[in-house]
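Structural characterization, general
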Amino acid sequence: EVQLKESGPGLVQPSQTLSLTCTVSGFSLTDYSVHWVRQPPGKGLEWMGVMWSGGSTAYNSALKSRLSISRDTSKSQVFLKMNSLQTEDTAIYYCTRGYYGYTYWFAYWGQGTLVTVSS
Amino acid sequence: DIQMTQSPASLSASLEEIVTITCQASQNIGNWLAWYQQKPGKSPQLLIYGTTSLADGVPSRFSGSRSGTQYSLKISRLQVEDIGIYYCQQASSTPYTFGAGTKLELK
């Protein structure tokens, strides 16, 4: 069974760095890409970036200067780091995987983790 | 970036009614479009991909279509379990972008 689960701090202070982990099971990170999508409370979805199965990354240009995605294939984990957090970065952060061989249709989602940026 | 303009922002419909939601892409995205349903407190669920293909387990009352750069999601006979927020998403190029969402409620 394909599963993804996000973990990380629920509260981050402004200007600090956010670190999130997506732990996956039921598939290999070398076979499937994992994306990060976020959703401010009561608002829409924003694609943040992707760790491609081959190990390269792509980022939303709006976040690129602050965002880094990496992975540890031996632990089946994908990491998100974003610096210089502001209140507008308060959101539910999801990791998600594609549908069969279609990496860009998000069929499998984690439960999401709420990150609040506040002092 | 490709902009996805979704309409309406909200929609109230009766059970068994036909419901249509549309997304307008700011440029040609071919058939690189998906639709998602999100229920309160839940993660989005993939409904349709590649403009017209139903994801596994999605009821056949859902369908997708395209006319040029305008895309539509149709629910042929609205059921209680269809209530939620619907989003379109383009996958023609990164950054992948979503529509702002359509909140579907029961009348």
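Residues numbered from 1 in each chain as written. Chains lettered and ligands numbered in written order. Predicted model: local features only at pLDDT ≥ 70, side-chain atom pairs only at ≥ 80, totals over all residues. Heavy atoms only, no water.

**Some remarks on the pattern of salt bridges**
For the coordinates displayed, the defined rule picks out 7 salt bridges over all chains. Across the pair arginine 38 of chain A and glutamate 46 of chain A runs a salt bridge, and its minimum N-O distance is 2.6 Å. Using a relative accessible area of 23% as the deciding quantity, one classes glutamate 46 of chain A as partly exposed. Residues aspartate 82 of chain B and arginine 61 of chain B are paired through a salt bridge, measuring 2.7 Å at the closest nitrogen-oxygen approach. Residue aspartate 82 of chain B is located in the loop between strand S8 (70-75) and strand S9 (84-90), and its partner arginine 61 of chain B is located in the loop between strand S6 (53-54) and strand S7 (62-67); the two are separated by 21 residues in the primary sequence. The exposure classification of aspartate 82 of chain B matches that of arginine 61 of chain B, with both residues buried. A cluster of three or more residues bridged by salt bridges with shared partners is formed by Arg38, Glu46, Arg66 and Asp89 of chain A. (Salt bridge = Lys/Arg side-chain N within 4 Å of Asp/Glu carboxyl O. Buried < 20%, exposed > 50% of the residue type's maximum accessible area, 1.4 Å probe, protein only. Helix = DSSP H or I, 4+ residues; strand = E, 2+ residues; numbered from the N terminus.)

**Let's talk about the interface of chain A and chain B**
Chain A puts 22 residues into the contact, and the matching count from chain B is 23 residues. Interface area, chain A with chain B, both sides summed: about 1800 Å², of which 65% is carbon and sulfur. Looking at the side of chain A facing chain B, the largest losses of area belong to Leu45, Tyr99 and Trp105 of chain A, adding up to 37% of the total buried there. In this structure, the connection of chain A to chain B is made through 0 salt bridges. The tally of links from chain A across to chain B stands at 10 residue pairs in polar contact (both at pLDDT 80 or more). Contributing elements (two or more residues each) for the side of chain A that touches chain B: strand S4 (34-39), strand S5 (46-51), strand S9 (91-99) and strand S10 (102-109) of chain A. For the side of chain A that touches chain B, the element with the most residues is S10 of chain A, which contributes 6 residues. (Contact = heavy atoms within 4.5 Å. Buried area = accessible area lost by both parts, 1.4 Å probe. Polar contact = N/O pair within 3.5 Å; in protein donor to acceptor, adjacent residues only side chain to side chain.)

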